[in-house]
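Descriptive structure summary
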Amino acid sequence: MMIPADTPMSHDRLVQELDYYRRECNDLGARVLRLQEEQSRAFREARRSRTVARLIREAYKLVDRTNEIDEIGALMLDIIVNNTICDRAAFLQRKGRDEFAVTHLVGFEDERTPTTLVLPSAPLFFYTTSQTPMESPASELTRLLRLPYVLWAFDAGSAFALILGNRSEGNVSRPFEPGDQELIEGALSVYADIVYRKRTEGDLRAAKREADTARAAQASFLASLSHELRTPLNAIIGFSEVIRDQILGPNGKLKHQEYAAHIHDSGTHLLSLINDILDLSKLEKEGEIPLNEEGFDVTGVVDRAVRDALPIAQEKGLSVETSIPAQLPQLFADPRRIRQILTNLLSNAVKFTPSGGKIVLSTRIEDRQGLLIEIADTGIGMTAQEIPRALAPFGQIQNVYSREHKGTGLGLPICKALVELHGGSFEVASVPGQGTTVTIRLPPDRLVPSP
Amino acid sequence: MAVRVGFSRSFEAGAAAKACAGPIRALGQASWGIAFCGGKHNPEAFLKALKAELGDIPIVGGSAAGAITRAGIGYGGLETAVAGFFDMEEPPFITVTKRLGEGEQMAGRELGEAVRSQAPDGRVVLLFYSSVAATAPLRLHPGSPLVTGFYEGLGNAKVTLIGAGTLTDMNLSNSWIFDGTGMTTHSAVAVVLPADLCAETAILHGCVPVSSFMQITKVHGAEVYELDGRPAVQVLEGMLGIDLGSCGAQELSLIATLGEKHGDRFAPYDENAYVNRLILNANPSTGSITLFEPDFSNGAIVQVMSRDNALMIESVRKGTEEILRRTAGRDGQVALYIDCAGRASARSGAPVEEADVMLQSFKSDMPLIGLYSGVEIAPVNAQSRPLDWTAVLTVLYRGG
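How each quantity is defined
- Residues numbered from 1 in each chain as written.
- Chains lettered and ligands numbered in written order.
- Predicted model: local features only at pLDDT ≥ 70, side-chain atom pairs only at ≥ 80, totals over all residues.
- Heavy atoms only, no water.
- Helix = DSSP H or I, 4+ residues; strand = E, 2+ residues; numbered from the N terminus.
- Rg over C-alpha atoms; globule rule 2.2 N^0.38 Å.
- Buried < 20%, exposed > 50% of the residue type's maximum accessible area, 1.4 Å probe, protein only.
- Contact = heavy atoms within 4.5 Å.
- Areas by Shrake-Rupley, 256 points an atom, 1.4 Å probe, with all protein chains shown as cover.
- Lys, Arg positive; Asp, Glu negative; His and termini not counted.
- Charge placed at Lys NZ, Arg CZ, Asp CG, Glu CD.
- Expected span 1.5 Å × (residues − 1).
- Bend = angle between axes of the 7 residues up to and from the residue.
- Polar contact = N/O pair within 3.5 Å; in protein donor to acceptor, adjacent residues only side chain to side chain.
- Buried area = accessible area lost by both parts, 1.4 Å probe.
- Salt bridge = Lys/Arg side-chain N within 4 Å of Asp/Glu carboxyl O.
- Nonpolar A, V, L, I, M, F, W, Y, C, P; charged D, E, K, R; others polar.
- Axes fitted to C-alpha atoms, helices over the stretch in contact; angles between N-to-C directions.
- Parallel < 35°, antiparallel > 145°, perpendicular 65-115°, else oblique.
- Pairing = 2+ DSSP bridges.
- Domains from an automatic or database assignment.
- Phe/Tyr/Trp six-rings, centres within 6.5 Å; stacked < 30°, edge-to-face > 60°.
- Core = buried A, V, L, I, M, F, W, Y, C linked by side-chain atoms within 4.5 Å.
- Patch = residues over 30% accessible without salt bridge, like charges linked within 9 Å, V, L, I, M, F, W, Y side chains within 5 Å.

**Let's talk about the overall build of chain A**
Scanning chain A from terminus to terminus reveals 11 helices and 14 strands. Computed over C-alpha atoms, the radius of gyration of chain A comes to 42 Å, more than 25% over the 22 Å expected from 2.2 N^0.38 for 451 residues, which places it beyond the range of a compact globule. Along the three orthogonal principal directions, the C-alpha set of chain A runs to about 150 × 70 × 40 Å. For chain A, the residues scored as buried account for 43% of the 451 residues in total. Once local pairs closer than 6 in sequence are excluded, the contacts in chain A between residues at least 24 apart make up 64%. Summed over all atoms, the accessible surface of chain A reaches about 24,400 Å², with 54% contributed by carbon and sulfur. Across chain A, the mean location of the 52 positive side-chain charges is 2 Å away from that of the 61 negative side-chain charges.

Shown next as C-alpha cells:
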C-alpha cells in the first residue's frame, strides 16, 4: 500500500523505520569493520612475508659496510629487530658440546645480560607459544632471553645460533609458528655467510700483506746485495782491463793475459746480472724507477741499438734488418730506457737465433694504438708454456736455454716492466723451431704530433 | 632562534647519542633539547652520552616506540632522535611531577600550578608523560585525568597544550621520560616555551563510524561495562562476528575504537569532531571493555569506529598540506610530529608508512622531529585532550 507523500507518519511508524535503519546501519557497519580488519590482516601478513626478502636484502648490504666481524653481529641484529619488531634478539656461538656463548644481543636495556647458554641436544629450529610445555629446550631458551615467546635456529655447520623473543603474542607480535622457520633460518644463514666471507677476505688480506712484506724484503735484500757486490766488481773489472790490455807494460806470460780476459768477462757478466737485479727490484717496488721523459727521434735510438747488436750478430752469421717509416713522429719517453729495451731484445734475438738466421726490427704507427715496435727472429723459439716462464723474474734462470746461452734471464721481465712503466703493452709470440716475435705497443699519447 | 635535529638507529646507546648530537654540535652550543629514545636502549647511558656531547643542558622527552625525522623513520626499538634549540629569547621553564603513581589528576594539578606560577597566558606548553603504569596486568597512566588536573592547576590561564604519552615499544612494555635533569618513570614533564613561540596544530585522524549512536549505560573509569544496556563485549562480538573469549583480546586494539562525536551529533561526518578511544582489553568474564582513557562517562553517546587505513593516509596528506597553508609566510622554527604507535604499518597493516606520507607532504625546510607515542595531546575546541589513534602535527613559529 502506498502512503501519500503528504501524510504525516505515525510515531510507531517512525520508530519502526528508525529501528530498521539502525539495524541496517549496524549490519553494514559490522561488514565494513570486518572488511577493514580482513584487509589490515592481509596487509600485515603480506608485510611479514616480505620481511624475509627485505631482511636478507638489507643484511647482504653489510658486506660493503664493514670488515669487522664483531661489528657485523651488531649490525645484523639491528636489521633483524627493525624488520621483525621483536623485543629481544641474540646471536650465539657453540663453544662446547652443550655450551653456547652469547656473542651479540639487543633489547636488554639496563638488565643483567646473559653470556652463556647450556643446551643439551640443541634443536635446529624451535619456537614457543602459550601452549608450549615448559620443558627442555623451551625452559633454557625462554630463560636465556627472559621472555616467554622465543624463536630459535641453530646452524650446526657454522656453529652459530640466532634467537628472537617477544613479551606477548598480541598487538604487533603474533604467535610464532612453523612458517617463521624461513625467516629465522634465512637471517642466520645470511649472518653465517657474511661472517665466513669476511673471515676469508681477512685471511686473504693477511696473506697478501705477508706476501707484500716478503716481496719488499726480497727486493730490499737484492738491492743492498747488488750495491755491495757492484763496488768490488767494478774494481775487479777495472784492474783486469789494465792487466788484459797490458796498460802498465807487457804481462809476463800469455796465460796472464788470457786469465785476465776471463776475469774481465766474468766480472762484466756479473755486473750486468747485478744491474738487471737492481732494475728489477726497483721495478717491483712500483714507481721507484723514475722516467726521464723527453721527445726524441725513434729512428736514432733504433739505429744505435742495432749498431750495438751488429758485431756479435755478424760474428754468428745472422742478418739484421730494420723497417722504419720515413715520417715517424717523435716519441715522448725515456730514451735511455727505450734503448735498454731494444738492446736487450736484440741481444736475446742474436743469442737464440742459430747461424744463418734473420732478425728484423720494424716500427710503424698503428691507428689508435700508437707506436708499434716489433723484433722478430728465426731462432729456436719457445713453447706456449715456456713464454710465461720466460717473462717471469728469474724464470729463465732455471730454463734450459739460460744454461746453454749466456745471459741473466732477467732481460724479458725487465723489458716488459719498462714498457708497462711507459703505459705500453708487451707481447711475446713464439713457435719452437721457427722463431720468436716480441711486439711492443706504446700508447698514442706518447707520440709527439708533428709541428 | 634555531633548531637542529639529529637521528640515529644505532646498536649502542653511546654511538646513538653521538650520531644524534653531530648535526646539533655543528651549529654550536644548544641551550636545551628534546630527545626521543627507542626502548631497546639503556636510557641512562643514552642521556649520559648525549650530555657528554651537548653539554649539561636540560633534555626533555622520553622513551619512544619509534622516531620520525627527515633523516629516518623506524620503530624497531633502536631509533633515537634529538632536537637542539639555540639562541632562544628566554630559557624554557621546565617543571616535573614524579607522582603519577599517586594519582594522575593530582599530578596534573601539580604541573598546572607550577606552570601557572610562570604567568603563562598565551604560551605553548609541551607535556611528556610515561604512559605505562604496570605491565602484569597491563595498566596505563591515563592522560585524561592528568590533563584535567593540569587545567585545574592552571586556573584561568590559557595555554596551548601539546603532548605525548611515551612508550618504549609497540607492545606497551614500558615507558619513561627525560625530565630535564635525568630519566624517570611514572612522571610527567611540562615545558613552557618562550613567549615569542606560537603553535599551529593539525590533528590527523583515520577512523570512521560503523555503528549507529549508542549510549554508555554502565562505566567505571576506563572500564565500559554496557552499551545500550547490553554487555559491551557482546555488542562488539556481534559487530566483529568473533568470539572475544577465544581470540587474543589485545587484538581488539588493532580493530576498533569507541568514538564520541562533539558538536552537532547529526551534522555530516567530520573526522575532527570525534575523540576516539582505543580498546586496551576485552574482559569476557565481566562483559566489559577497557579503554585507553577513563574520560567517557555514563550517558555518553558513542559510536563504534573502524580504523580505516585509506582514510588515515588521506587525512595525513590533507592535514599536512593544511598546516603548511596555515603557516605560510610565518617564521616556522620546528615541526613536532606525535604519532600514535598503532598507526605504524606493522600494527595498522597500512600498505605505506603514514609518517612517510607526512614527510613527503610536508614540503618545507623546517627541522622536524617526531615520535611514535601511546597517547597524543592536542587542542580540541577550547582545551587540549588526550587522543588515541591520531597523529598531531605541530608547527612552532615565531611571532604573534
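Right, picking up where we left off after that structure.
**Observations regarding the overall build of chain B**
Along the backbone of chain B there are nine helices and 28 strands. Expressed along its principal axes, the backbone C-alpha trace of chain B runs to roughly 60 × 45 × 40 Å. Relative to its full complement of 400 residues, chain B shows a buried share of 65%. By sequence separation, contacts in chain B at least 24 residues apart represent 80% of the contacts at least 6 residues apart. With the model as given, the accessible surface of chain B reaches about 13,100 Å², and the carbon-plus-sulfur share is 48%. Of the charged side chains in chain B, 31 are positive and 42 negative, and the gap between their average positions amounts to 2 Å.

**Observations concerning helix H7 (residues 298-316) of chain A**
All names here are of chain A. With 19 residues, H7 extends 27 Å between its outermost C-alpha atoms, agreeing within 8% with the 27 Å of an ideal straight helix rising 1.5 Å per residue. Leu 310 marks the point of greatest bend in H7, at about 40°, and the proline Pro 311 comes within the next four residues. Listing the buried residues of H7 in full gives Val 298, Gly 300, Val 301, Val 302, Ala 305, Val 306, Ala 309 and Ala 313. Here the buried face of H7 lies against strand S7 (294-296), strand S8 (319-323), strand S9 (330-333), helix H8 (335-352), strand S10 (358-366) and strand S11 (370-377). At the N-terminal end of H7, a side-chain oxygen is found 3.2 Å from the backbone nitrogen of Thr 299, two or three residues along, and the residue is Asp 297.

**Here we look at the interface of chain A and chain B**
At the junction of the two partners, chain A supplies 35 residues and chain B supplies 43 residues. When chain A packs against chain B, the two sides together hide about 3,400 Å² of surface, and 51% of this comes from carbon and sulfur. Applying the counting rule to chain A against chain B returns three salt bridges. Put simply, Asp 78 of chain A and Arg 9 of chain B hold a salt bridge, and the shortest N to O gap is 3.0 Å. Where chain A packs against chain B, one counts 10 residue pairs in polar contact (both at pLDDT 80 or more). Those elements that provide at least two residues to the side of chain A that touches chain B are helix H1 (11-60), helix H3 (69-84) and strand S2 (99-106) of chain A. Sort the elements by how many residues they give to the side of chain A that touches chain B and H1 of chain A lands first, with 15 residues. Its residues assigned to classes, the side of chain A that touches chain B comprises 13 nonpolar, 10 polar and 12 charged.

**Things to note about the packing of H1 of chain A against helix H5 (residues 181-244) of chain A**
All names here are of chain A. Contact geometry of H1 with H5 gives a least axis separation of 9 Å together with a crossing angle of 10°. Taken together, H1 and H5 sit at an angle that is classed as roughly parallel. Seen from H1, the contacting residues are Thr 51, Val 52, Leu 55, Ile 56, Ala 59 and Tyr 60; seen from H5, they are Glu 182, Leu 183, Gly 186, Ala 187, Val 190, Asp 193, Ile 194 and Arg 197. Considered class by class, the residues forming the contact of H1 with H5 number nine nonpolar, two polar and three charged.

**Points about the sheet that holds strand S6 (residues 79-86) of chain B**
All names here are of chain B. The strand order S1-S6-S2-S3-S12-S13 describes an open sheet built from six strands, whose pairing is mixed. Edge positions in the open sheet fall to strand S1 (2-9) and strand S13 (183-184), since each of these has one partner strand only. The strands touched by helix H1 (residues 13-25) are S1 and S6; relative to S1, the strand with the most contacts, the crossing angle is about 155°. Across the sheet, helix H2 (residues 43-54) lies against strand S2 (32-38), strand S3 (59-64), S6, strand S12 (177-179) and S13, angled at about 35° from S6, the strand it touches most.

**Comments concerning the sheet that holds strand S14 (residues 447-448) of chain A**
Residue and element names in this part refer to chain A. Read across the open sheet, the three strands follow the order S7-S9-S14; overall the sheet is antiparallel. Both edges of this open sheet fall to S7 and S14, since each of them pairs with a single strand only. Where S7 lies against S9, three bridges are found, and the strand directions are antiparallel. Residue Glu 294 lies in a different strand from S9, and its bridge partner there is Ala 333.

**Describing the domain arrangement of chain B**
Residue and element names in this part refer to chain B. Domain boundaries assigned for chain B yield domain 1 (2-204 + 312-398) and domain 2 (214-307). Of note, the centres of domain 1 and domain 2, computed from C-alpha atoms alone, are 27 Å apart. Facing the 22 residues of domain 1 at the interface are 16 residues of domain 2. Seen at the junction of domain 1 and domain 2, the total is two salt bridges. At the surface where domain 1 touches domain 2, the tally comes to eight residue pairs in polar contact (both at pLDDT 80 or more).

**Comments concerning the packing of aromatic side chains**
Counting across every chain of the model gives 14 aromatic pairs over all chains. When the centroid spacing of 5.8 Å and the interplanar angle of 45° are considered together, the rings of Phe 125 of chain A and Tyr 127 of chain A count as tilted. On the basis of relative accessible area, Phe 125 of chain A is assigned to the buried category, the value being 18%. Classification of Tyr 127 of chain A as partly exposed rests on a relative accessible area of 24%. Between Trp 176 of chain B and Phe 178 of chain B the ring centres are 5.4 Å apart and the planes differ by 55°, which places this aromatic pair in the tilted class. Here Trp 176 of chain B falls in the buried class, since its relative accessible area comes to 3%. Since its relative accessible area comes to 0%, Phe 178 of chain B is described here as buried. Ring pairing ties together the aromatic residues Phe 91, Phe 160 and Tyr 191 of chain A, which thus form one cluster.

**Comments concerning the nonpolar core**
Ranked by size, the top nonpolar core spans 45 residues in total, and within it Leu 331, Ile 338, Leu 345 and Phe 426 of chain A carry the most contacts. Not counting residues up to four positions away in its chain, the partners in contact with Leu 345 of chain A are Ile 375, Leu 412, Cys 415, Phe 426, Val 438 and Ile 440 of chain A. Membership of the second largest hydrophobic core comes to 41 residues, among which are Met 305, Ala 350, Ala 355 and Val 357 of chain B.

**What to know about the environment of Leu 151 of chain A**
All names here are of chain A. Within the secondary structure layout, Leu 151 lies in strand S5 (residues 149-155). Overall, the relative accessible area of 0% leaves Leu 151 in the buried class. It is 7.8 Å that separates the C-alpha atoms of Leu 151 and Phe 125, two residues lying 26 residues apart in sequence. Those residues in contact with Leu 151, other than ones at most four positions away along the chain, are Phe 125, Phe 126, Tyr 127, Leu 162, Ile 163, Leu 164, Phe 176, Asp 180, Leu 183 and Ile 184.

**Some points on the environment of Val 52 of chain A**
Residue and element names in this part refer to chain A. Summarising the element assignment, Val 52 is placed in helix H1. Sequence spacing of Val 52 and Asn 83 is 31 residues, and the spatial spacing of their C-alpha atoms is 8.5 Å. In this structure Val 52 touches Glu 182 and Leu 183, once residues within four positions along its chain are discounted.

**Quick notes on the domain arrangement of chain A**
For chain A, the assigned domains read domain 1 (60-201), domain 2 (212-284) and domain 3 (294-448). Here domain 1 of chain A and domain 3 of chain A have C-alpha centroids that lie 64 Å from each other.

**Concerning a nonpolar patch on the surface**
Together, Phe 221, Leu 225 and Leu 229 of chain A line one region of the surface with nonpolar side chains, adding up to about 270 Å² of accessible area. Following the sequence through the fold, Phe 221 of chain A ends up in helix H5.

**Comments concerning the side chain of Ser 139 of chain A**
Residue and element names in this part refer to chain A. One can find Ser 139 in helix H4 (residues 138-145). A relative accessible area of 19% places Ser 139 in the buried class. Among the polar contacts made by the side chain of Ser 139, one reaches the side chain of Glu 140 at a distance of 3.1 Å.

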